[in-house]
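Inside the fold
The chain contents come next:
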Amino acid sequence: MADSRPVNNFSRLSQITIILGMVLIVVRLCLWHVYLDKNDKRDRKFIQGKEAVTGMHCANDRSRWATVVALVHHHTFAIDEVDPLRGKHGNWGTIDKVYHADKSGTERFYSSKPPLYNLVLAGQYWIIHAVTGLNILEHPMPIIKLLTLVNQGIPLLVILICLAKVGTEIIENRRLYSLYLVAITFGTFLTTFAVTLNNHIPAALFALLAILECRQLVNDTSNSKSYAIVGLYAALCVTFELPALALLLLLGIWCLTLDFKRTIAFGVPPILLVATIYLGINKVAHDSWRPPYAHRADNTVLEVLSIEDGDSLLSGILPDNVDLFSGSMPGIGNYRIEPHPSDGRWRIYDYGNNVRYAMLRKESTYEIRGWDNWYDYEVNGRKSYWLPGQASGVDLGESSRVTYLFNLTIGHHGFFSLSPILLFGLAGIFSQLRTKNSFWKPLARITLALTVILLIFYVLRPLQDRNYGGVASGFRWMFWLIPLYSLFLAKCIHSSRRSFFLLLIFLIALVVSIYSAHYGFLNPWQNPWPYSN
């Protein structure tokens, strides 16, 4: 690299590259469902049997948008009236939903996504609806596209600006800096997913902001405001990615080593505030402090029946000698038994009390348990997608944990194989572990620890959870780490400035990364190219 001219702080080169990246995102937003979508029928009247085009991509984002409609137009988090919409209204149905009783005991459908972000989106749509009169069911395209740009494009823009500014402080060579800009702007899956509503980009933004505030804190450990900001950003990151609790914990430990008293006095209150809001809204939405993800198993044992009494109950005869009128199961009498796809399992619905129970057969007894599996339902003949035998393809759990780990890292959904520029970020992490820098060394430890923690967390999940995040062009559950790796990518590029061989390898990695990131050019919700092929 002959051009050794220094890089100015957020130079015109940075501005042009990032602007080009954002323009491409806007183009992708406009093209999808308009010119390149074969199902777009906006140039002719609605034809019976065809779906109107909405601007949504798949069940994942439809789950969030359905809640937005329900909140603004029906004043509820329940999506019963939105989920069935088809035809001229477009497809608003989703498999990412749960089924549970509301406060009145009536069972209803809800989005399985944590409700806080959905409420924020609904607030934005409410403003648009109140000011312009536009109805998202009648004009979904402009509203969904606009809100997607606001909630995905703008956070990505902030991420790119922050990374570009840090890059100017690290990379001295202008051409190397150009490669870095191209890598962070066009070579990661954050760019890929900027055209669809998701939680990963906001999580990535708050993770990066928390880290950059720690950088300020290292330079001035007496700045009480910075402790509060770190706590706030890290807590907000958790609201978008629950596994980011690990980031919150590690940053908390880091801050404690800098100033114990200020961390407790100023860092903890914002965390408690965010937690209160997050859990409070969840309580309002679902009448539970726990998010929907935490309701995936039966509750405690309420009654234990003999084989004879259990068989009698299943046949529709309530055993006379069984105390089913205790405090745990009050007044059950008018009930129905529902079959279940799992052997030795049934659903019991008590009409008198509007309560559901799970009944399981053990070796010598039956157990009746409290109902707490919101993903287990069959309504009007339609079974939950998450029941045994319903999921298919990429949603099936990987039976081998070794294979799963391989695919998550360097396999068909690999964090590093699909975006090999992140391997250079990993090299930058290891290089900083040997330094004595008060910021980069702790950050290297934290980033490496987060990577290991996330991989262990996902690999050790039960079979049904060992999937690849649905149909998506990358392993999206680790996308929020990309900005952290990008920081170390700048370090590695700068260190490679004198090696033609390393720069050549980086160029190859960059091409592969850009291809992976843009394989889902119009719709990120498709399988990665190695898996598709």
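Here the structure is a predicted model, which is why all the values come from computation and not from measurement.

1. A look at the overall build of the protein
What the protein contains, in helices and strands, is 17 helices and 9 strands. Its C-alpha atoms give the protein principal-axis dimensions of roughly 90 × 60 × 45 Å. Evaluated residue by residue, the protein yields a buried proportion of 55% over its 533 residues. Within the protein, contacts between residues at least 6 apart in sequence are counted, and of these 69% link residues at least 24 apart. About 23,400 Å² of surface is accessible on the protein, with carbon and sulfur atoms providing 60% of the total. Charge separation in the protein, taken as the distance between the mean sites of 48 positive and 38 negative side-chain charges, equals 14 Å.

2. Comments concerning the packing of helix H8 (residues 224-240) against helix H9 (residues 245-258)
The contact between H8 and H9 brings their axes to 8 Å, and the two run at 165°. Relative to H9, H8 is oriented roughly antiparallel. You can see that H8 and H9 cross each other, and the crossing is left-handed. On H9, the residues that touch Tyr 227, Val 230, Gly 231, Ala 234, Ala 235, Cys 237 and Val 238 of H8 are Leu 245, Leu 247, Leu 248, Leu 251, Cys 255 and Leu 258. Residue composition of the contact of H8 with H9, by class: 12 nonpolar, 1 polar and no charged.

3. Focus: the pairing of strand E2 (residues 107-111)
Within a regular strand, side chains alternate between the sheet's two faces. In terms of burial, E2 is a largely internal element, 4 of the 5 residues being buried. Relative to E2, strand E1 (residues 97-101) runs antiparallel, the two sharing 5 bridges. Residue pairing across strands places Val 98 opposite Tyr 110, the latter belonging to E2. Hairpin remark: E1 followed by E2, antiparallel, with 5 residues in the connecting loop; positive phi at Gly 105, about 95°.

4. Observations concerning the environment of Asn 151
Among the structural elements, Asn 151 can be located in helix H4 (residues 140-170). Setting aside chain neighbours within four positions, we find Asn 151 in contact with Tyr 117, Leu 121, Gln 124, Leu 197 and Pro 202. Here the side chain of Asn 151 touches Gln 124 through a polar contact of 2.7 Å, side chain to side chain.

5. Re the side chain of Lys 145
Within the secondary structure, Lys 145 sits in helix H4. No salt bridge is formed by the buried Lys 145; its nearest oppositely charged neighbour, Asp 61, is found at 8.0 Å. Polar side-chain contacts of Lys 145 include one of 3.2 Å to the backbone oxygen of Leu 29.

6. Section: a nonpolar patch on the surface
There is a patch of nonpolar side chains on the surface, built from Phe 500, Phe 501, Leu 502, Leu 504, Ile 505, Leu 507 and Ile 508 and spanning about 670 Å² of accessible area. Looking at the element boundaries, Phe 501 is found in helix H16 (residues 500-519).

7. Observations regarding the sheet that holds strand E6 (residues 355-361)
Within the open sheet, the 5 strands sit side by side as E3-E7-E6-E5-E4. Their pairing is antiparallel. The sheet terminates laterally at strand E3 (301-306) and strand E4 (335-339), the two strands that pair on one side only. Across this sheet, the average inter-strand angle for adjacent strands is 25°, counted without regard to direction. In the sheet, strand E5 (residues 345-350) pairs with E6 via 6 bridges, with the strands oriented antiparallel. What sits directly across from Arg 345, in E6, is Leu 360.

8. What about the packing of aromatic side chains?
The relative placement of two aromatic rings is captured by the distance of their centres and the angle of their planes. One pass over the full model with this rule turns up 26 aromatic pairs. Pairing Phe 424 with Phe 506 gives two aromatic rings, centres 5.1 Å apart and planes at 85°, and the pair type is edge-to-face. Highlighted residues: Phe 424 in helix H13 (residues 421-432) and Phe 506 in helix H16, separated in sequence by 82 residues. Taken as a pair, Phe 424 and Phe 506 share a single burial class, namely buried. Taken together, a centroid distance of 5.6 Å and an interplanar angle of 70° make the contact between Tyr 515 and Trp 529 edge-to-face. Taken together, the residues span a long stretch of sequence, with Tyr 515 in helix H16 and Trp 529 in helix H17 (residues 529-532) at a distance of 14 residues. On the basis of relative accessible area, Tyr 515 is assigned to the partly exposed category, the value being 44%. Residue Trp 529 is classed as partly exposed on the basis of its relative accessible area, which comes to 24%.

Thresholds applied
Residues numbered from 1 in each chain as written. Predicted model: local features only at pLDDT ≥ 70, side-chain atom pairs only at ≥ 80, totals over all residues. Heavy atoms only, no water. Helix = DSSP H or I, 4+ residues; strand = E, 2+ residues; numbered from the N terminus. Buried < 20%, exposed > 50% of the residue type's maximum accessible area, 1.4 Å probe, protein only. Contact = heavy atoms within 4.5 Å. Areas by Shrake-Rupley, 256 points an atom, 1.4 Å probe, with all protein chains shown as cover. Lys, Arg positive; Asp, Glu negative; His and termini not counted. Charge placed at Lys NZ, Arg CZ, Asp CG, Glu CD. Axes fitted to C-alpha atoms, helices over the stretch in contact; angles between N-to-C directions. Parallel < 35°, antiparallel > 145°, perpendicular 65-115°, else oblique. Left-handed = near helix turned anticlockwise from the far one by under 90°. Nonpolar A, V, L, I, M, F, W, Y, C, P; charged D, E, K, R; others polar. Pairing = 2+ DSSP bridges. Polar contact = N/O pair within 3.5 Å; in protein donor to acceptor, adjacent residues only side chain to side chain. Salt bridge = Lys/Arg side-chain N within 4 Å of Asp/Glu carboxyl O. Patch = residues over 30% accessible without salt bridge, like charges linked within 9 Å, V, L, I, M, F, W, Y side chains within 5 Å. Phe/Tyr/Trp six-rings, centres within 6.5 Å; stacked < 30°, edge-to-face > 60°.

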